[in-house]
Amino acid sequence: MQTQLLGNAKQVTTQNDHIIIQTAEATAKIWVYAPAIIRVNITQTPDKPDASFAVIQQPETGIKFTEADNELTITTGQLILKVNKTPLRFSFYTAEGKVLSEDDARFGVNWQNERVVNYRKLYADEKFIGLGEKTGDLNRRGTHYVNWNTDASKHTIYTDPLYKTFPFFIGLHSGLTYGLFFDNTHKSYFDFGATTDDEMSWFGADGGDMNYYFFGAQGVADIIKDYTWLTGRMEMPPLWSIGYQQCRYSYMSADEVLSIAQKFREHNIPADVIYCDIDYMDNYKIFTWNDEAFPDPKGMIDKLKALDFRTVCIVDPGIKVEEGYKQYDEGVAKNYFATYTNGDNYIASVWPGRCHFPNFFDDEVKEWWGAAFTALTEPGVEGFWNDMNEPAAWGQNIPYLVKFGDRYMAEVRNAYGMEMTKATYNGTRQILGNKRPFMLTRAAYCGTQRFSAVWTGDNTATDEHMLYGQRLVNSLGLVGMSFTGVDIGGYTGNPTPELMLRWNSLGVYIPMYRNHAEIGTAMREPWEWGQENMAIIRKDIELRYRLLPYIYSGFYESSQNGLPLSRTLAIDYTPDENVFDVRYQNQFLFGNSLLVAPVESTKLTAEVYLPEGEWYRFGNDKAYEGGMAHTVPAPLNDLPVFVKGGGIIPMQSVIQSTNEAGDGILYLHIWKGIQDSTFIYYEDDGVTYDNERGIFHKREISYHAESNTVMLAVAEGSYTSKFNTLKLISHGFDKSIKEKEALYHSGVIEISL
Ligand code: MIG
């Protein structure tokens, strides 16, 4: 095997939107997508059509460069790319000329057969964050990772790879920030200086192009905004899907599903969602119901609706090999399945036994799959859980001979789950008309945020899984995934009551709040833990429902600028070294104003680091100074959560489900701060796409520190808020809580505190 280094530029030409540089080994192309986004593609197959699963934007036209001696320079408003011609190497600078990131001068981009790698210079103080669902620490410096979507059941807190692929990271050094998205779905590798004597970082893939987007915005938040501009942002989720979700593998019959739903109402524990895992099906055949255990799906779902529950059903990609089964017969007849190289349909075993796997890379297959969801939507299912789509098969080692259409598994495996979920989304969205479907997937690639929530797969009922799970959620937020969840309580094994309490209280601040457990484990529902513990769990779930106006507004922010609801402190406090300290790295902001500190269930006090600013304990308003660590009480009924000075948090009275209108009172909580602050409050009907036609209610709420006033600007949009009374509750002023009441209406409201 030979190593081919990228050699000297021989010819430089431009097309309308890109520059083309020819070397003996490869063709390099450069596009500008936005002032802070430059794409470089270095390929040995320049005539292959250009396609991306992730990117939804087009490059700018009229690209220009200047040439001097041995160098080309591309200058945008925010970024400078200098291309060294002999040999071909790429260096990125800020508009002021500070170096952001550059090729290693010796090795740059190179190939060993099909494998393509980019070696880059590593800076002494450089940190790395990102890659989404990856174990390890917040700062990934000194570690390495593989992307190869895997059914990682029984994974530990060190396992790699897991279920998802997000080849996007953010580098931090010299007070600067940059982002790099390697858009390549082959098995890929990232090494953040693990084994290069701190000289280089590198990334690459087993095949495909050295195809990356470089982000030069200064500030982690702006890089995430640009990355999600490029790859898309989430839609508003159905409001019910951000309420409490109850799941289990499996509730074994319609009677069991109904009795679980009934118990929530009997115990006055708010909840919105109940799941049917694989046992609702007839022999695990997708789009069927087991007619003994679930004889009347519509009857069951009607009763669930009457109890204000929505139903989510699981689907797996594997189609059972069985003549007479509609999906099998049609798929075989129309060549819709993955094949071996000789055209035989590929077979592997999963839950249904021997299965074929739809080729979700084909539009016709996607449509066929999507249309089949009437089997679930007709009885009334509104949420769709896409599992096993890495794709998983017993043995977990799909042969390299397997093809999806004309592409080999190795090339597109990492996008399979995303394309399956896209098919499910497109299909159900069409069938449900104006209603928002809820989508959940286990496997994902960049861009999945456009149509689905994700959860982190089969975790375990331990404290360490709870803590690292929060890091996964926070890290998924860095790659544009805002709607994320973990199995609360731990999928595998049984949590202690203490762990269950702690994890549930953390779940209040996890974007998707879902309790789920594996088959064979003890029952996990809130009433399984004794009266006292149930009361604590109920209080936490009630808090989640009280916070829904804040949380829903947070999702609105994600839908507008891509910033996640659960944010590692590395986003807002990047220069603060303490946020990367392993003692504090699990802490995160939930929305703009709440700081949450996950704590093991075995500890009743916690050391919490509060970044610069003033902070108040959420619940009792005790004031804390920022820029230092504090030892704080952490009893099992009070997770350490802090509000930022100037924090604005809209809340509502407890409701038992999002179907309830509530009492019409908006509780607007404000905490004293030395700086002004603003909050965008957002509301819509929560279930339809009418919001896309201007039927929403959105307004800016601002706090003015100096004049001690709160202002609600004129509301935008034509939706009438469900609130008619405003109760302003101020905290931290004169050390007592003050309450003022006003009429809530769409005109300007100004209240002095
Ligand atoms: O092979 O559907 O991660 O959440 O309950 C296991 C049964 C298949 C794996 C999922 C889990 C789900 C389970 N599934």
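Structure: above.
This structure is a prediction, so every number in the text was calculated from the model and none was measured.

**Comments concerning the site of the ligand**
- Looking at the ligand, there are 13 residues lining it, with Asp-277, Asp-387, Arg-442, Asp-458 and His-516 nearest.
- Measuring from an oxygen atom of the ligand, one finds a side-chain N or O atom of Asp-277 at 2.5 Å.
- Asp-458 is positioned with one of its side-chain polar atoms (N or O) 2.5 Å from an oxygen atom of the ligand.
- Contact with the protein chains removes 94% of the 350 Å² of surface that the ligand exposes when unbound.
- By residue class, the composition of the shell around the ligand is 8 nonpolar, 1 polar and 4 charged.

**Points about the packing of aromatic side chains**
- According to the stated counting rule, one finds 62 aromatic pairs in the structure shown.
- On the numbers, 5.4 Å between centres and 65° between planes, the contact of Phe-360 with Tyr-416 is edge-to-face. Here Tyr-416 lies in helix H7 (residues 409-431) and Phe-360 lies in the loop between strand E25 (353-356) and helix H5 (363-371), a separation of 56 residues in the sequence.
- What makes Phe-360 buried here is its relative accessible area of 0%.
- Ring pairing ties together the aromatic residues Phe-92, Phe-128, Phe-169, Tyr-178, Phe-182, Phe-190, Phe-192, Phe-203, Tyr-212 and Phe-214, which thus form one cluster.
- Arg-120 extends its terminal NZ or CZ atom over the ring of Tyr-212, reaching a point 5.5 Å from the ring centre.
- Sitting over the ring of Tyr-325, Lys-285 keeps its end group 5.6 Å from the ring centre.

**A short note on the packing of helix H8 (residues 463-478) against helix H9 (residues 497-507)**
- Interaxial distance between H8 and H9 falls to 10 Å at its minimum, and their mutual angle equals 10°. Taken together, H8 and H9 sit at an angle that is classed as roughly parallel. Contacts from Asp-463, His-465, Met-466 and Gln-470 of H8 reach H9 at Leu-499, Arg-502, Trp-503 and Leu-506.
- Its residues assigned to classes, the contact of H8 with H9 shows 4 nonpolar, 2 polar and 2 charged.

**Overview of the sheet that holds strand E46 (residues 725-731)**
- In space, the 4 strands of this open sheet follow the order E41-E42-E46-E47, with mixed pairing throughout. The open sheet has two free edges, formed respectively by strand E41 (648-651) and strand E47 (738-743), since each of these has just one partner strand. This sheet shows a mean twist of 20° between the axes of neighbouring strands, independent of strand direction.
- Across 4 bridges, the pairing between E41 and strand E42 (residues 665-671) is antiparallel. If you follow Pro-650 over to E42, its bridge partner there is Leu-668.

**Topic: the pairing of strand E5 (residues 37-43)**
- For E5, the tally of buried residues reaches 7 of 7 residues, placing the bulk of the element in the interior.
- Where strand E4 (residues 27-34) lies against E5, 7 bridges are found, and the strand directions are antiparallel. Paired with Val-32 across the two strands is Ile-38, which belongs to E5.
- Counting the residues that bridge the hairpin from E4 to E5 gives 2 residues.
- As paired elements, E5 and strand E19 (residues 210-215) share 6 bridges and run antiparallel to each other. By the bridge assignment, Ile-37 is partnered in E19 with Phe-215.

**Quick look at empty space enclosed by the protein**
- By the definition in use, this model includes 6 cavities of 30 Å³ or more.
- Size it by volume and the largest cavity reaches roughly 170 Å³.
- Forming the walls of the largest cavity are 18 residues, and the residues nearest its centre are Glu-235, Pro-237, Phe-451, Ser-452 and Phe-483.
- The class makeup of the residues in the lining of the largest cavity is 12 nonpolar, 4 polar and 2 charged.
- Considering only enclosed or pocket space, the second largest cavity measures out at about 70 Å³ in volume.
- Taken together, Ile-129, Gly-130, Lys-134, Gly-136, Asp-137, Leu-138, Arg-140, Arg-471, Asn-474, Ser-475, Leu-478 and Gln-585 make up the lining of the second largest cavity.
- Of all elements in the fold, only strand E13 (127-130) and H8 reach the threshold of two or more residues within the lining of the second largest cavity.
- Of all the elements, H8 adds the most residues to the lining of the second largest cavity, at 4 residues.
- A class-by-class count of the residues in the lining of the second largest cavity yields 3 nonpolar, 5 polar and 4 charged.
- Mapping the lining of the second largest cavity onto the domain boundaries places at least three of its residues in each of domain 1 (3-231) and domain 2 (241-317 + 362-393 + 413-561).

Cut-offs applied
- Residues numbered from 1 in each chain as written.
- Predicted model: local features only at pLDDT ≥ 70, side-chain atom pairs only at ≥ 80, totals over all residues.
- Heavy atoms only, no water.
- Near = heavy atom within 4 Å.
- Polar contact = N/O pair within 3.5 Å; in protein donor to acceptor, adjacent residues only side chain to side chain.
- Areas by Shrake-Rupley, 256 points an atom, 1.4 Å probe, with all protein chains shown as cover.
- Nonpolar A, V, L, I, M, F, W, Y, C, P; charged D, E, K, R; others polar.
- Phe/Tyr/Trp six-rings, centres within 6.5 Å; stacked < 30°, edge-to-face > 60°.
- Helix = DSSP H or I, 4+ residues; strand = E, 2+ residues; numbered from the N terminus.
- Buried < 20%, exposed > 50% of the residue type's maximum accessible area, 1.4 Å probe, protein only.
- Lys NZ or Arg CZ within 6 Å of the ring centre and 35° of its normal.
- Axes fitted to C-alpha atoms, helices over the stretch in contact; angles between N-to-C directions.
- Parallel < 35°, antiparallel > 145°, perpendicular 65-115°, else oblique.
- Contact = heavy atoms within 4.5 Å.
- Pairing = 2+ DSSP bridges.
- 1 Å grid on protein atoms, 1.4 Å probe; cavity = no way out; pocket = protein on both sides within 12 Å on 5 of 7 lines; lining within 4 Å.
- Points joined across faces, edges and corners; volume = space filled by probe spheres on them.
- Domains from an automatic or database assignment.

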